[in-house]
Amino acid sequence: MLVVGLTGGIGCGKSTVSKRLAENHDIPVIDADKIAREVVEPGQDAYNKIVKYFTDKIDYLLLDDGHLNRAELGKWVFSHPNDLKILNNITHPAVRYSIFKNMGYYYVKGYRLVILDVPLLFEAKLDMFCGVTISVICERDIQIERLKIRNPVMTTEEIENRINSQMSMDERVKKSDYILQNNGTLTELYEQINNVVMKIKPSLMRTSIEYFPLFGLVSATAIVLSKVIYAKFDANFSESGENDKKKGKKVA
Ligand SMILES: CC(C)(COP(=O)(O)OP(=O)(O)OC[C@H]1O[C@@H](n2cnc3c(N)ncnc32)[C@H](O)[C@@H]1O)[C@@H](O)C(=O)NCCC(=O)NCCS
Ligand SMILES: Nc1ncnc2c1ncn2[C@@H]1O[C@H](COP(=O)(O)OP(=O)(O)OP(=O)(O)O)[C@@H](O)[C@H]1O
C-alpha cells in the first residue's frame, strides 16, 4: 500500500484536496486534524493533561459542556511558542498512534493507496512513512483572504500567528515530491490532482506483491531508509547552500 503524505500551510487547501481524492478517486483519507480533535475529547488522557497545564493560563479554557474552548486555546498557543510545543507534546503521541492504527486498517482492507492529511507532516517527521509527499501551496495573500472568508471571527493577527508557527512554504516545497499550486480556481486545482493521481497510483501488481510479507517488509524498509538518507544529505546540502539549486522541480 502506498502511503501518500499530504500537507500544506493553514488554509492552503489540504481539506479541499482530500475531499476531492476521497469523493472522485475513491482514495481513503486519514485526517490528522480530525484525529487531533478526537484525542482531546473530555475524558481522554490528552484532555486531562491540557486542562491541568492550561487551566491557570487561559480564561474560558472550557466550554459549558466541558469540551475544550478551541478558539481560546488556539489564540493562546499560537502567540506563545513554548506552550504550542507543550500542547504538541501532549497531543502528538495520541495522534500518531491513531494514524498508525488507521494505516493498519486500510492495509488489511487491501487498499492500494491511502492519503495521510497532516498539516505538520514534515515537522512531526511523519513523512518518513510516506512513499510520496504532496504539498498544497498558495500565495500568502490568497491564504489569508480564504481564511478570513472561512473563519470571519479570526483576526489578521491570529491568522498570521498560525502561519508563522508553521514551516515556510519554501521549505515545504523543497521537501515535497509533488506540489499542487492552489492560487487559481477549483477546476485548475482538480486538474492538477488528476495529474498527480495518474503519476503515483501503484499498479495492482505492485500492491499484490507487497502482501507477501518479505516484499512488504523490504518495501517499507526501503521507504524509511531512503527518507533517513535523504534527510542526512539534505542537512549537508543545506549547510553548503546547495539546496537553493533544487527549487522549482515537480509542479503537477
Ligand atoms: C490549537 C488548537 C486547539 C486550535 O484548534 P482549531 O479548531 O482552532 O484549529 P484546527 O485544529 O481545526 O486546526 C486548523 C489548522 O491550524 C493549524 N494547526 C493546528 N495545530 C497546529 C500546530 N500544533 N502547529 C502549527 N499549526 C497547527 C493547521 O494548519 C490546521 O489545519 C488545535 O489546532 C490543536 O489542538 N492543535 C494541536 C494538535 C495538532 O498539532 N494538530 C494538527 C494535526 S497533528
Ligand atoms: N481554489 C480555491 N478557490 C476558492 N476557494 C478555495 C480554493 N481552495 C480552497 N478554497 C477555500 O479556502 C478555504 C481553505 O481551504 P481548506 O479548508 O481546504 O484548507 P486547509 O489547508 O485544509 O485548511 P486547514 O489548515 O485550516 O485545515 C476553504 O474555505 C476552501 O473552501
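Residues numbered from 1 in each chain as written. Chains lettered and ligands numbered in written order. Predicted model: local features only at pLDDT ≥ 70, side-chain atom pairs only at ≥ 80, totals over all residues. Heavy atoms only, no water.

Inspection of the secondary structure assignment puts I223 in helix α11 (residues 213-240). Looking at I223, the relative accessible area reads 21%, which means it is partly exposed. With 93 residues separating them in the primary sequence, I223 and C130 have C-alpha atoms 7.2 Å apart. Leave out the neighbours within four places in its chain, and I223 touches M128, F129, C130 and G131. (Helix = DSSP H or I, 4+ residues; strand = E, 2+ residues; numbered from the N terminus. Buried < 20%, exposed > 50% of the residue type's maximum accessible area, 1.4 Å probe, protein only. Contact = heavy atoms within 4.5 Å.)

Residues of helix α6 (residues 140-150) that are buried: Q143, I144 and L147. The arc that holds the buried residues of α6, viewed along the axis, is 95°, so those residues lie on one side. Away from its buried face by more than 90 degrees, α6 exposes D141 and I149. Against the buried residues of α6 lie α7 (156-164). (Arc of directions from axis to C-beta.)

Of note, the phi angle at D26 is positive, near 55°, even though the residue is not glycine. By the secondary structure assignment, D26 is in the loop between α1 (14-25) and β2 (29-31). Taking the relative accessible area as the measure of exposure, D26 reaches 65% and is therefore exposed. Unusually for a residue other than glycine, Y60 sits at a positive phi of about 55°. By the secondary structure assignment, Y60 is in the loop between α3 (45-54) and α4 (70-77).

Let us now look at empty space enclosed by the protein. Tallied over the full model, the rule gives one cavity of 30 Å³ or more. Roughly 50 Å³ of internal volume is contained in the largest cavity. Along the walls of the largest cavity sit L6, V17, L21, I115, I134, L180, I193, V196, V197 and I200, which together make up its complete lining. Looking at the lining of the largest cavity, the elements with two or more residues in it are α1 and α9 (186-200). Sorting elements by how many residues they give to the lining of the largest cavity places α9 first, with four residues. (1 Å grid on protein atoms, 1.4 Å probe; cavity = no way out; pocket = protein on both sides within 12 Å on 5 of 7 lines; lining within 4 Å. Points joined across faces, edges and corners; volume = space filled by probe spheres on them.)

Moving on to the site of ligand 1. Near ligand 1 you find 21 residues, and of these D33, R70, N88, H92 and R162 are the closest. Contact distances for ligand 1 include 2.6 Å between an oxygen atom and a side-chain N or O atom of D33. For ligand 1, whose accessible area on its own is 760 Å², the fraction buried by protein is 90%. Of all the secondary structure elements, the ones that give two or more residues to the shell around ligand 1 are α2 (32-38), α4 and α5 (81-108). For the shell around ligand 1, the element with the highest residue contribution is α5, accounting for five residues. Across the shell around ligand 1, the residue classes break down as ten nonpolar, six polar and five charged. Two domains each donate at least three residues to the shell around ligand 1, and these are domain 1 (2-28 + 111-246) and domain 2 (38-97). (Near = heavy atom within 4 Å. Polar contact = N/O pair within 3.5 Å; in protein donor to acceptor, adjacent residues only side chain to side chain. Areas by Shrake-Rupley, 256 points an atom, 1.4 Å probe, with all protein chains shown as cover. Nonpolar A, V, L, I, M, F, W, Y, C, P; charged D, E, K, R; others polar. Domains from an automatic or database assignment.)

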